[in-house]
Amino acid sequence: MAAFSYNTAAELFPAAIRKKKRAGFAYRRFGTAAEAVRFAIEELPADSLNGAYLQVDEARFDQSGIRTLYESQDFPLPRRPRAPEPAPASNDADADAA
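What you are looking at is a predicted structure, and each value in this text was computed from that prediction instead of being measured. (Residues numbered from 1 in each chain as written. Predicted model: local features only at pLDDT ≥ 70, side-chain atom pairs only at ≥ 80, totals over all residues. Heavy atoms only, no water.)

## Describing the pattern of salt bridges
Move 1: Within the structure shown, the criterion is met by 3 salt bridges.
Move 2: The salt bridge partner of Arg 80 is Glu 43, with a shortest N-O separation of 2.7 Å. Taken together, the residues span a long stretch of sequence, with Arg 80 in the loop between helix H3 (63-71) and helix H4 (87-97) and Glu 43 in helix H1 (residues 33-43) at a distance of 37 residues.
Move 3: By relative accessible area, Arg 80 is classed as partly exposed at 42%.
Move 4: What you see here is one network of salt bridges that share partners, running through Glu 42, Glu 43 and Arg 80. (Salt bridge = Lys/Arg side-chain N within 4 Å of Asp/Glu carboxyl O. Helix = DSSP H or I, 4+ residues; strand = E, 2+ residues; numbered from the N terminus. Buried < 20%, exposed > 50% of the residue type's maximum accessible area, 1.4 Å probe, protein only.)

## With respect to the environment of Leu 44
Move 1: Looking at the element boundaries, Leu 44 is found in the loop between H1 and helix H2 (46-49).
Move 2: According to the relative accessible area criterion, Leu 44 is buried, its value standing at 11%.
Move 3: Separated by 19 residues in the primary sequence, Leu 44 and Phe 25 place their C-alpha atoms 8.0 Å from one another.
Move 4: Ignoring sequence-local partners within four residues, the contact set of Leu 44 consists of Leu 12, Phe 25, Phe 39 and Leu 49. (Contact = heavy atoms within 4.5 Å.)

## Notes on the pairing of strand S3 (residues 53-56)
Move 1: In this sheet, S3 lies alongside strand S1 (residues 10-13) in antiparallel orientation, the contact comprising 3 bridges. By the bridge assignment, Phe 13 is partnered in S3 with Tyr 53.
Move 2: Two elements, S3 and strand S4 (residues 59-61), share 3 bridges in a ladder whose sense is antiparallel. Pairing of Val 56 across the sheet is with Ala 59, part of S4.
Move 3: A loop of 2 residues connects S3 with S4, the two strands running antiparallel in sequence, and Asp 57 in this loop sits at a positive phi of about 55 degrees. (Pairing = 2+ DSSP bridges.)

## Describing the sheet that holds S4
Move 1: Pairing is antiparallel in the open sheet, where 4 strands are placed in the order S2-S1-S3-S4. In this open sheet, the two strands that pair with only one neighbour each are strand S2 (28-30) and S4. For this sheet, the mean angle separating the axes of adjacent strands, direction not counted, is 20 degrees.
Move 2: Contacts from H1 reach S1, S2 and S3, with the element oriented near 25 degrees to S1.
Move 3: Relative to the sheet, H3 contacts S1, S3 and S4, its axis offset from that of S4 by approximately 95 degrees. (Axes fitted to C-alpha atoms, helices over the stretch in contact; angles between N-to-C directions.)

See the structure below:
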């Protein structure tokens, strides 16, 4: 991938056609592309991300491009864990048994 600045301002646009009026999100502007990418991947429901695009300067990124930016080793923000760890639930069960 060519050099990409995660510090550049970015805009996140919803899909052009939405079947449900309440689903999805409205246009949103972010101070940095990193914040926009994290929001798109971690906060948006998958159906809202489908068809959405991120614009950074003159470059546009679709759902696949946004995921690539998020998964890049250059991504500067901490990532949310993919799945909750089951350990706390088993610890609670152990505590109840004691």
